[in-house]
Amino acid sequence: MVKIIYIFFIIIFCSLIFRGLLAEPLLDGADFDYGEYLSGQCLTCHQNSSDEGIPAINGAEALYIAKKLVLYKNKELENEVMQLVASALDKEEIASLAIYFNSLEK
Ligand code: HEC
């Protein structure tokens with residue numbers, strides 16, 4: 001009996017780890033329409049093509065965008081403007097912006 005309980009816990013434990021590996025928490029709660037709505041504030045700087053030190057982010061991987069925004073938010077990437085922009089965004093807003101910009105043509 002003890003053995004069965006033991007195996008049961010191992011199975012639960014493994015499935016939790018597996019779920020953690022599959023899910024991408026950075027993009028949790030992403031909402032496309034919300035992303036489109038929020039993107040207005042980004043478009044004043046981020047245009048279709050890179051210029052004057054502002055990289056184009058249209059069509060970039062959603063995960064790439066989200067990771068960068070988190071890094072600016074945590075001040076692990078140096079850029080005052082983007083640190084300020086990202087610090088005003090919460091997790092859901094970052095995820096929404098990431099999937100929205102990913103959907104745009106490069
Ligand atoms: C005032 C101008 C400005 C605004 C507004 C702005 N950005 Fe930026 N963004 C920049 C600049 C400049 C950089 C490059 C910073 C650097 O060199 O690290 C950048 C970099 C980025 C990067 C990293 C791109 C890469 O390939 O390294 C992402 C992602 C990004 N911005 C997303 C956004 C999003 C999303 C918004 C809107 C919420 C936004 N930005 C608003 C100016 C702006």
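Our subject is the structure that appears above.
Residues numbered from 1 in each chain as written. Predicted model: local features only at pLDDT ≥ 70, side-chain atom pairs only at ≥ 80, totals over all residues.

Asker: How should the site of the ligand be read in this particular structure?
Answerer: For the ligand, the set of nearby residues contains 18 residues, the closest of which are C42, C45, P55, K68 and N79. Split by residue class, the shell around the ligand holds 12 nonpolar, 5 polar and 1 charged. (Near = placed C-beta within 6 Å. Nonpolar A, V, L, I, M, F, W, Y, C, P; charged D, E, K, R; others polar.)

Asker: Would you mind showing me how to read the environment of L63 here?
Answerer: Structurally, L63 can be placed in helix α4 (residues 62–73). Taking the C-alpha atoms as reference points, L63 and I99, 36 residues apart in sequence, are found 8.3 Å from one another. In this structure L63 touches E24, L26 and L27, once residues within four positions along its chain are discounted. (Helix = DSSP H or I, 4+ residues; strand = E, 2+ residues; numbered from the N terminus. Contact = placed C-beta atoms within 7 Å.)

Asker: How should I be thinking about unusual backbone geometry in this particular structure?
Answerer: The bulk of non-glycine residues show a negative phi, and the bulk of peptide bonds are trans. Of note, K75 is a non-glycine position whose phi angle comes to about 60°, a positive value. Along the chain, the position of K75 falls in the loop between α4 and α5 (80–87). According to the C-beta neighbour criterion, K75 is exposed, with 12 such atoms within 10 Å. (Buried ≥ 20, exposed ≤ 12 C-beta atoms within 10 Å, placed from the backbone.)

Asker: Explain α4 to me, please; I cannot follow it from the model alone.
Answerer: Side chains three or four residues apart in an α-helix point the same way, a direct result of the helix having 3.6 residues per turn. With 12 residues, α4 should cover 16 Å at 1.5 Å per step; its first-to-last C-alpha distance of 16 Å lies within 8% of that length. Looking one or two residues past α4, K75 carries a phi angle of roughly 60°, positive in sign. (Expected span 1.5 Å × (residues − 1).)

Asker: In this structure, what is going on with the nonpolar core? I would like to understand it.
Answerer: Note that soluble globular proteins tend to have their nonpolar side chains buried in a common cluster. Formed by 14 residues in total, the largest nonpolar core has its most connected members in I65, A66, L69, I94, L97, A98 and F101. Counting only elements with at least two residues in this core, the list comes to α4 and α6 (91–103). Looking at this core, the element that brings in the most residues is α6, giving 6 residues. (Core = buried A, V, L, I, M, F, W, Y, C linked by C-beta atoms within 7 Å.)

Honestly, it's all geometry; don't read function into it.
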